[in-house]
Amino acid sequence: MSTQSNTLYQNLKSRIDARAATVGVIGLGYVGLPLSMAVCGGGHAVIGFDVDVAKSEALNKGQSYIAGVASATLLNQVETGRFVATTEMSRISECHILIICVPTPLTKQREPDLRYIRQTAAVIASHMQAGTLVVLESTTYPGTTTEVMKPILASGGLSEDQFFVGFSPEREDPGNKDFNTRSIPKVVAGDGPLASDLVKSFYASVVEHVVVVSDPATAEAVKITENVFRAVNIALVNELKVIFDAMGIDVWEVIDAAKTKPFGFQAFYPGPGLGGHCIPIDPFYLTWKAREYDIHTRFIELAGEINTAMPRYVVSKLEAALGVRLGKPLAGAKILILGLAYKKNVMDMRESPTFKLMELLEKRGAVTAYHDPLIAEIAPTREHAEFTGRKSVALEADMIAAFDAVLLSTDHDGVDYALVASSAQLIVDTRNRFSGLEGSKAIIIKA
């Protein structure tokens, strides 16, 4: 390591210790905004960067659009001068630490789409000063930080010994009231000993517990492993659901009994398909990278096939129930879907299986509507633009009764399930939320 690297390291370390470093957070969504508030809470000044002008304007007025960030908390940080949002990327030059929180989607061919990381790194390269620490938080395959991001950062005129890079995977769990950005242990890694110490020192000032690993690729692998674990286990219970249903066995009853064992079992629950920005996507980043080493990730891909098949399974159960119980075909049937978000009690609809359910049903000639107490209108999405602008219908007895069937996709707490059970003709329940309400008017089918 050069004398210049040591000097730049000492300068930034002193700033971190004195809470005199300006931190730039790029991407102010479900990860970036809560992280910004945690960084402010650690005593640092934050410049939040986003390409959405409306978002920046709302944030600078103290108006939060993320359920996990209270507007009062945001307003306090704005008024004290600790937080400001902007679309002016030239202000990157004011930052001593930059944290990248941008999307990492898949292409239609299920290959990593790193365009947002590449674009962000290129913008940073044009503006960052010597001695800057750049940390990637976006979930990606092992090697991205040093093989993709670092060379782009070096293309802006600074040599690789004039800046520092690291990786620290986001671990947000929207809707989880037991954990927040500050209380979730933070895995961190730097590219080399100086970067490692800087990343550790910075995050130790922001969160309660820091877990240091040897290098960025290991940290990237940690996040991928967490999400592969969840995807594979969800696929397992989804497959068990299909098997046990054929046997006349309730999979939810099986799981609830199995989890009474105090060791050797962790409960996962089936559903209508996977949603969110992590589990449906991240395992395939590892699948893609593994090909470079001539390794076929059979387990991961099989889990993906099972989880991807769940919406079709649910639709087949709904079609059978309509025909056998009501004597109606799926074509022309009116279906009310409960829940648009990908998980309960959040406003996030990214990769929600509800979209696939709506698509499959409408292709078969059904007429669909949705009710979601947290999502009044469908915003534009990359994959399902045809649903943009649809509005959540009111949940009233007469309205419910007018549908041939109700399909529960997401089990928000803010829904009157007793009203639905007493008003609907047929309910297809993918979340076991209507268990115990079987005495009501509706025919209830688990799927």
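Going by the structure above, here's the rest.
Residues numbered from 1 in each chain as written. Predicted model: local features only at pLDDT ≥ 70, side-chain atom pairs only at ≥ 80, totals over all residues. Heavy atoms only, no water.

1. What to know about the side chain of aspartate 348
The cut-off we apply is this: The helix count covers DSSP runs of H or I at least four residues long, the strand count covers runs of E at least two residues long, and both are numbered beginning at the N terminus. Polar contacts here mean pairs of N or O atoms no more than 3.5 Å apart (in protein, one a potential hydrogen donor and the other a potential acceptor; neighbouring residues in sequence count only if both atoms are side-chain atoms). Contacts were defined at the residue level, with two residues in contact if any of their heavy atoms lie within 4.5 Å.
On the secondary structure map, aspartate 348 appears in the loop between strand S9 (334-338) and helix H12 (353-363). A distance of 2.6 Å separates polar atoms of two side chains, one belonging to aspartate 348 and the other to arginine 350. Leaving out residues up to four positions away in the same chain, aspartate 348 has contacts with Tyr30, Ala341 and Tyr342.

2. Describing the sheet that holds strand S10 (residues 367-371)
Sheet strands line up and pair through hydrogen bonds in the backbone, either parallel or antiparallel. Test applied: Two strands are counted as paired when DSSP detects at least two bridges linking them. Fitted lines through C-alpha atoms give the axes, limited to the stretch in contact for helices. The angle between two N-to-C directions lies from 0 to 180 degrees.
Ordered in space as S10-S9-S11-S12-S13, the 5 strands form an open sheet in which the pairing is parallel. The sheet is open, and its two edges are formed by S10 and strand S13 (443-446), each paired on a single side. Each neighbouring strand pair of the sheet contributes to a mean axis angle of 20°, computed without reference to strand direction. Of the strand pairs in this sheet, strand S11 (residues 405-408) and strand S12 (residues 426-429) are connected by 3 bridges, and their pairing is parallel. Note on S12: the bridge partner recorded for leucine 408 is aspartate 429. Sitting on the sheet, helix H11 (residues 298-326) is in contact with S9, S11, S12 and S13, with an inclination near 150° to S13.

3. So, the pattern of salt bridges
Stated formally: Here, a salt bridge means any side-chain nitrogen of Lys or Arg that lies within 4 Å of a carboxyl oxygen of Asp or Glu. Each residue is assigned to one of three classes by its accessible area relative to the maximum for its type, calculated with a 1.4 Å probe on protein chains only: buried under 20%, partly exposed between the two thresholds, exposed over 50%.
Taken as a whole and assessed by the stated rule, the structure comprises 24 salt bridges. A salt bridge links glutamate 359 to lysine 363; its shortest N-O distance comes to 3.3 Å. Linking glutamate 359 with lysine 363, this pair stays in helix H12, spanning 4 residues, or about one helical turn. We classify glutamate 359 as buried; its relative accessible area is 15%. Overlapping salt bridges bring together Lys344, Asp411, Asp413 and Arg433 as one network.

4. Comments concerning the environment of glutamate 305
Tracing the sequence through the fold places glutamate 305 in helix H11. Look at glutamate 305 and you get exposed, because its relative accessible area is 52%. For the pair glutamate 305 and alanine 235, spaced 70 residues apart in the sequence, the C-alpha separation amounts to 8.5 Å.

5. Quick look at the sheet that holds strand S2 (residues 45-49)
With mixed pairing, the 8 strands of this open sheet are ordered in space as S3-S2-S1-S4-S5-S6-S7-S8. At either margin of the open sheet sits one strand with a lone partner, and together these are strand S3 (83-86) and strand S8 (210-212). Taking the axes of each pair of neighbouring strands and ignoring which way they run, one obtains an average angle of 25° across the sheet. As paired elements, strand S5 (residues 133-136) and strand S6 (residues 164-167) share 4 bridges and run parallel to each other. Looking across to S6, one finds that leucine 136 is bridged to phenylalanine 167. Contacting strand S4 (97-100), S5 and S6, helix H1 (residues 3-17) runs over the sheet at an angle of about 55° to S6. Sheet strands touched by helix H5 (residues 115-127): strand S1 (22-26), S4 and S5. Its angle to S4, the strand with the most contacts, is close to 165°.

6. Here's the deal with helix H6 (residues 144-154)
One turn of an α-helix holds 3.6 residues; hence residues three or four places apart share an orientation. Restricting attention to buried positions, one finds in H6 the residues Thr144, Thr145, Val148, Met149, Lys150, Ile152 and Leu153. For H6, the secondary structure elements touched by its buried residues are S4, H5, S5, S6 and helix H8 (216-246).

7. Quick look at the pairing of S9
Note the following rule: Handedness of a crossover is defined as follows: with both strands directed away from the viewer, a clockwise route from the first strand across the helix to the second makes it right-handed.
Of all the 5 residues making up S9, 4 are buried; the element is thus mostly covered by neighbouring parts of the structure. Where S9 meets S10, 5 bridges bridge the pair, whose relative direction is parallel. Bridge pairing in S10 places isoleucine 337 opposite tyrosine 370. Tracing the backbone out of S9, into H12 and back to the parallel element S10 gives a crossover that is right-handed.

8. Side note on the packing of aromatic side chains
The condition is simple: For Phe, Tyr and Trp, where Trp contributes only its six-membered ring, two rings pair if their centres lie within 6.5 Å, and the inter-plane angle classes them as stacked under 30 degrees, edge-to-face over 60, or tilted in between.
A complete count under the given rule lists 6 aromatic pairs for this structure. Note on tyrosine 141 and tryptophan 288: the rings are 4.9 Å apart at their centroids and 45° apart in plane angle, and the pair reads as tilted. Of this pair, tyrosine 141 sits in the loop between S5 and H6 while tryptophan 288 sits in helix H10 (residues 282-290), and the two are 147 residues apart along the sequence. On the accessibility criterion, tyrosine 141 (5% relative accessible area) is buried. Under the relative-accessibility criterion, tryptophan 288 is labelled partly exposed at 29%. Both rings, one in phenylalanine 355 and one in phenylalanine 387, keep their centres 6.2 Å apart while their planes meet at 20°; by these two values the pair is stacked. Linking phenylalanine 355 in helix H12 with phenylalanine 387 in the loop between S10 and helix H13 (397-401), this pair joins segments that are 32 residues apart in sequence. Owing to a relative accessible area of 2%, phenylalanine 355 belongs among the buried residues under this scheme. With a relative accessible area of 1%, phenylalanine 387 lands in the buried category. Feature note: the residues Tyr141, Tyr285 and Trp288 constitute an aromatic cluster, connected by ring pairs.

9. Thoughts on the environment of lysine 259
In this fold, lysine 259 is placed in the loop between helix H9 (251-258) and H10. As for lysine 259 and alanine 447, which are separated by 188 residues in sequence, their C-alpha atoms are 21 Å apart. Reaching out from lysine 259, the side chain makes a polar contact with the side chain of tyrosine 269 at a distance of 2.9 Å.

10. With respect to helix H2 (residues 32-41)
Within H2, 9 of the 10 residues are buried, which leaves it mostly tucked inside the rest of the structure. The complete set of buried residues in H2 reads Gly32, Leu33, Pro34, Leu35, Ser36, Met37, Ala38, Val39 and Cys40. Downstream of H2 by a residue or two, glycine 43 has a phi angle that is positive, lying close to 100°.

11. A closer look at the nonpolar core
The test is simple: What is meant by a nonpolar core is a set of buried Ala, Val, Leu, Ile, Met, Phe, Trp, Tyr and Cys residues, joined one to another through side-chain atoms within 4.5 Å.
Counting residues in hydrophobic clusters, the biggest one holds 42 residues, and the most contacted among them are Ile92, Leu98, Ile124, Met128, Val134, Met149 and Leu153. Isoleucine 92 has contacts with Ile26, Phe49, Leu98, Val123, Ile124, His127 and Met128, leaving out every residue within four places of it along the chain.

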